[in-house]
Amino acid sequence: MQKLYSASATVEGGRQGHVASSDGVLDMDLAMPKGLGGQGTNPEQLFAAGYAACFESAIRLVARQEGVDVNGVSVTANVDIGHPPDGGFALETELVGRMPSLSREEAEQMMEKAHQVCPYSRATRGNMPVKLRVEA
């Protein structure tokens, strides 16, 4: 792979610790998710933010390539953590796309195409359930 950018972050203290990026831009405490007894920013929120940002950019990329107007596009990533049947913990994600300039069918097609090029989608494919949904 030809590297275009490398990110680096270090955590001390795990889920209830502290995270800092190598460039100092990200520098914050972490907490357990509220549903698991904590309160504050947690790894699932950070993953959701990264996936939503990347996926929205993938939609814009596909739209540019196809000459499609996706003005007003937004993506919400809903990330769940839980116990899979085989034990331990696992994640699943729902990506909700809003594209007011497109019909539902066009927006669904755009979501599918973006899902093929988004680096987060490529990384999670076959490893985590990802549901795509278009919201009006």
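The name given to the protein chain in an unreviewed UniProt entry is Ohr family peroxiredoxin, and the organism recorded there is Rubrobacter marinus.

(A) Molecular detail of the packing of helix α1 (residues 43-66) against helix α2 (residues 104-117). In contact at an axis separation of 8 Å, α1 and α2 are set at 110° when each is read in the N-to-C sense. Between α1 and α2, the angle falls in the class roughly perpendicular. As α1 packs across α2, the resulting crossing turns out to be right-handed. Between α1 and α2, the residues in contact are Tyr-51, Phe-55, Ala-58, Ile-59, Leu-61, Val-62, Ala-63 and Glu-66 and Met-110, Met-111, Lys-113, Ala-114, His-115 and Val-117, respectively.

(B) Seen up close, the nonpolar core. By size, the foremost hydrophobic cluster in this structure holds 24 residues, and its most contacted members are Phe-55, Ile-59 and Met-99. Listing elements by their share of this core, those giving two or more residues are α1, β4 (74-82) and α2. When residues in this core are grouped by element, the largest group, nine residues, is from α1. Each residue touching Ile-59, except ones within four places of it in the same chain, is listed here: Val-70, Val-73, Val-75, Met-99, Met-110, Met-111 and Ala-114.

(C) Up close: the sheet that holds strand β6 (residues 130-134). Taking strand neighbours across the sheet as the criterion, the three strands line up as β4-β5-β6 in an open arrangement whose pairing is mixed. Every other strand in the sheet has two partners, leaving β4 and β6 as the edge strands with one partner each. For this sheet, the mean angle separating the axes of adjacent strands, direction not counted, is 20°. Packing against the sheet, α1 makes contact with β4, β5 (90-98) and β6, and its axis sits at approximately 145° to β4. Against the sheet, α2 engages β5 and β6, with an angle of about 150° to β6.

Calculation rules
- Residues numbered from 1 in each chain as written.
- Predicted model: local features only at pLDDT ≥ 70, side-chain atom pairs only at ≥ 80, totals over all residues.
- Heavy atoms only, no water.
- Axes fitted to C-alpha atoms, helices over the stretch in contact; angles between N-to-C directions.
- Helix = DSSP H or I, 4+ residues; strand = E, 2+ residues; numbered from the N terminus.
- Parallel < 35°, antiparallel > 145°, perpendicular 65-115°, else oblique.
- Left-handed = near helix turned anticlockwise from the far one by under 90°.
- Contact = heavy atoms within 4.5 Å.
- Core = buried A, V, L, I, M, F, W, Y, C linked by side-chain atoms within 4.5 Å.
- Buried < 20%, exposed > 50% of the residue type's maximum accessible area, 1.4 Å probe, protein only.
- Pairing = 2+ DSSP bridges.

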